[in-house]
Structure formats: C-alpha cells, structure tokens
Amino acid sequence: MTLPLDLHLLQLYMVAVCVLVLAPGPDSLLVLTRSIADGRQAGVVATIGICVGNTVHSLLAAAGISALIAASASLFDLLRYAGGTYLAWIGLRSLWSVWASRGAEPAPSIEAPAPAGTGRVFVQALLTNLLNPKIILFQLAFVPQFIAPELGHVALQTFILGNIISVLGGLYLVGIAALSAGAARRVLSSPRVRTALDGIAGVLFLGFAVRLLLTDRKFA
C-alpha cells in the first residue's frame with residue numbers, strides 16, 4: 001500500500017521536525033529530570049508516555065477534534081489552565097523539596113531516594129503532553145502545510161505526519177534518557193547537587209507553566 005504523502009513535502013517536513021524536536025520544552029525537561037533522579041528506565045517510560053500523548057494529539061487532529069477545541073474559547077482555556085496548573089504543580093513540588101531540605105544536615109554518603117513508580121512516571125509524562133494546548137496549535141498550524149490535498153486521505157496524512165513527530169521526538173528523548181542516566185546520575189547523587197537540580201527544574205517548569213498560560217488561540 002502506497003502512503004498518500006508527497007515525497008518532496010515529506011522531505012521538507014522531516015528537516016523541519018528534526019529542528020523542532022531539538023528545541024527545549026517541558027517534555028525534554030521531564031525526561032531529563034526523571035532519568036537523572038530515577039535512572040534510564042524512568043526516562044524511557046516518560047518518553048513512552050510522551051509519545052502516547054503525541055499519538056493521541058495526532059488522532060484528535062485527524063478526526064477534527066483538535067480544530068473544535070482550538071475554535072472554542074472555553075474548551076481551549078480549560079485545557080490551557082489545566083496544563084499550566086499541572087506544570088506549575090510539578091515546578092512547585094520540586095521547589096518544595098528544595099525548601100524542605102534546608103537545614104538538613106548533609107551526610108557524606110546517603111542512599112538514593114526510592115525511584116518513582118513506573119505507572120506514576122508514565123501518567124506524569126502523558127498528562128504533561130496531553131494538557132499542552134500548544135501541541136494542538138502546532139498540529140493545526142504546522143502540519144497542514146505539508147499535506148497534499150490532491151492525494152486525498154487528508155485525515156490519514158495528518159495522522160501519519162503527526163506520528164512522525166512522535167517517532168523522531170521519541171528517539172531524541174530516549175537519547176536524553178540514556179545520556180543523562182548512568183555516570184551522570186552517580187555524579188548528581190550528591191545531596192547538594194540534587195537540591196540544585198530540583199531548584200533549577202522547579203524554576204524551569206514554572207516558566208513553562210507561565211508561557212503556556214499566556215498562549216492564545218491564534219494559529220492561522
């Protein structure tokens with residue numbers, strides 16, 4: 001079966017997606033922090049959750065549901081506020097761990113904290129992705145530029161192109177998980193370094209939350 005995709009547009013799309021995938025965002029930050037804190041497996045699980053979220057976004061875009069959400073001020077704002085609140089909660093929790101560690105006596109050697117459960121990491125990553133309305137706007141503004149209506153099956157083209165982002169992004173995130181775990185985790189197992197990492201991650205997540213809350217519905 002021949003895929004209904006324009007080869008020239010597909011090549012341009014692949015180049016553009018590779019550039020976009022490298023841009024830092026809440027997904028890559030989540031995989032980075034989970035990998036350092038809980039190991040390579042947690043980073044891979046977070047990547048799977050994010051990829052599942054991207055696939056759901058692609059399906060919604062292909063079905064036209066994403067367009068309905070973007071066209072509805074109330075639905076879009078609901079998703080925007082939910083996503084911003086969730087990212088802010090992650091950031092505040094990281095900052096709280098920094099605050100709670102103040103005054104604690106540093107120990108020369110401590111046991112690493114118990115890693116987060118696989119299910120918890122997966123759900124956290126999935127929600128971080130699903131509750132991001134910027135992905136909806138991306139699906140509606142960016143992907144259609146590489147669709148060839150004359151080939152037909154526009155919904156299928158939308159779904160395939162959306163999942164290309166999921167695959168390439170997943171490979172990049174797995175690379176982040178692999179590189180940030182292992183030796184890096186041993187170095188960052190120091191209480192002071194871990195506290196600094198939590199503080200930086202908390203501030204960044206709060207920044208992403210603010211940026212998400214300031215997102216508007218203009219995509220055309």
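Conventions adopted
- For every chain, the first residue of the written sequence is number 1, and numbering continues from 1 onward in sequence order.
- Residues qualify for local features only when their pLDDT is at least 70, as the model is predicted, and side-chain atom pairs are given and counted only at 80 or more; totals for whole chains, interfaces and linings, by contrast, use all residues.
- Processing note: side-chain calculations cover all non-hydrogen atoms of the structure and skip hydrogens and water entirely.
- To pair, rings of Phe, Tyr and Trp, with the six-membered ring standing in for Trp, must have centres within 6.5 Å; the planes then decide the type, stacked if under 30 degrees apart, edge-to-face if over 60, and tilted in the middle.
- Relative accessible area decides the class of each residue, using a 1.4 Å probe on protein chains only: under 20% of the type maximum gives buried, over 50% gives exposed, and in between gives partly exposed.
- The way it works is that DSSP assigns letters per residue, a run of H or I at least four long becomes a helix, a run of E at least two long becomes a strand, and they are numbered from the N terminus.
- We define the nonpolar core as a collection of buried residues of types Ala, Val, Leu, Ile, Met, Phe, Trp, Tyr and Cys that are connected through side-chain atoms lying within 4.5 Å of one another.
- Note on definitions: a residue-residue contact is assigned when non-hydrogen atoms from the two residues lie within 4.5 Å.
- Working convention: axes come from line fits to C-alpha atoms, limited for helices to the stretch in contact. Angles between N-to-C directions cover 0 to 180 degrees.
- These descriptions rest on fixed angle ranges, namely under 35 degrees for roughly parallel, over 145 for roughly antiparallel, 65 to 115 for roughly perpendicular, and the rest for oblique.
- Ten residue types, Ala, Val, Leu, Ile, Met, Phe, Trp, Tyr, Cys and Pro, are classed as nonpolar, four, Asp, Glu, Lys and Arg, as charged, and the remainder, Gly among them, as polar.
- Within this document, salt bridges are pairs made up of a side-chain nitrogen of Lys or Arg and a carboxyl oxygen of Asp or Glu, the two lying within 4 Å of each other.
- Left-handed describes a crossing whose near helix is turned anticlockwise from the far helix by less than a right angle; the clockwise case is right-handed.
- Between the first and last residue of a helix there are one fewer steps than residues, each counted as 1.5 Å, and that sum is the expected span.
- Distance and chemistry together define a polar contact, namely a pair of N or O atoms within 3.5 Å, with one atom able to donate a hydrogen and the other to accept it when in protein, and with adjacent residues in sequence counting only for side-chain atoms on both sides.

### With respect to the packing of aromatic side chains
Enumeration over the complete set of coordinates arrives at three aromatic pairs. Aromatic side chains phenylalanine 142 and phenylalanine 146 sit 5.1 Å apart centroid to centroid with 55 degrees between the ring planes, which places their arrangement in the tilted category. Phenylalanine 146 matches phenylalanine 142 in its accessibility class, with the two residues each being buried. Clustering of aromatic rings is evident, with ring pairs tying together Tyr13, Phe142 and Phe146.

### So, unusual backbone geometry
Generally, phi is negative for residues other than glycine and the peptide bonds are trans, each holding for most cases. Backbone geometry places histidine 153, a non-glycine residue, at a positive phi of 50 degrees. With respect to the helices, strands and loops of the structure, histidine 153 is situated in the loop between helix H7 (133–141) and helix H8 (154–180). Look at histidine 153 and you get exposed, because its relative accessible area is 56%.

### Some words on the nonpolar core
Counting residues in hydrophobic clusters, the biggest one holds 20 residues, and the most contacted among them are Val31, Leu87 and Phe205. For this core, the secondary-structure elements that each account for two or more residues are helix H2 (26–38), helix H3 (40–63), helix H5 (73–100), helix H6 (118–130), H8 and helix H10 (191–213). Here valine 31 is in contact with Gly43, Ala46, Thr47, Ile50, Leu173, Ile176 and Ala177, once residues within four sequence places are set aside. Core analysis: the next-biggest nonpolar cluster, separate from the first, contains 12 residues, Leu5, Tyr13, Ile147 and Ile164 among them.

### A look at the packing of H5 against H7
Where H5 meets H7, the closest approach of the two axes is 9 Å, and the angle between their N-to-C directions is 130 degrees. Classified by the angle between their axes, H5 and H7 sit oblique to one another. Contacts between H5 and H7 involve Phe76, Leu79 and Arg80 from the former and Pro133, Ile136 and Leu137 from the latter. Partitioned by chemical class, the residues of the contact of H5 with H7 number five nonpolar, no polar and one charged.

### Overview of the pattern of salt bridges
The final tally for this structure, using the stated rule, is one salt bridge. When the shortest N-O distance is used, the salt bridge between aspartate 38 and arginine 34 registers 2.8 Å. Residue aspartate 38 and its partner arginine 34 are located together in helix H2, separated by four residues, close to a single helical turn. Take aspartate 38 and arginine 34: they sit in the same class, and that class is buried.

### Regarding the packing of H2 against H3
In contact at an axis separation of 6 Å, H2 and H3 are set at 155 degrees when each is read in the N-to-C sense. Between H2 and H3, the interaxial angle falls into the category roughly antiparallel. Between H2 and H3 lies a crossing whose hand is right-handed. Residue-level contacts link Asp27, Val31, Arg34, Ser35 and Asp38 of H2 to Arg40, Ala42, Gly43, Ala46, Thr47 and Ile50 of H3. Looking at the contact of H2 with H3 residue by residue, the classes come out as four nonpolar, three polar and four charged.

### A few points about H3
Under the 1.5 Å per step criterion, the end-to-end length of H3 is 35 Å for 24 residues, consistent within 8% with the ideal 34 Å. One or two residues past the end of H3 sits glycine 64, with phi positive at roughly 85 degrees.

### Digging into the side chain of threonine 128
Mapped onto the elements, threonine 128 comes out in helix H6. A residue is classified by how much of its surface remains accessible, and threonine 128, at 4% relative accessible area, is buried. A polar contact of 2.7 Å, which involves the side chain of threonine 128, links it to the backbone oxygen of glutamine 124. Residues within four places of threonine 128 in sequence aside, it is in contact with Pro26, Asp27, Leu30, Tyr86, Leu87 and Ile90.

### Points about H2
Each α-helix turn comprises 3.6 residues. Residues three or four places apart therefore point the same way. Along its 13 residues, H2 runs 17 Å from first to last C-alpha, staying within 8% of the 18 Å computed at 1.5 Å per residue. For H2, the tally of buried residues reaches 12 of 13 residues, placing the bulk of the element in the interior. For H2, the full list of buried residues reads Pro26, Asp27, Ser28, Leu29, Leu30, Val31, Thr33, Arg34, Ser35, Ile36, Ala37 and Asp38.

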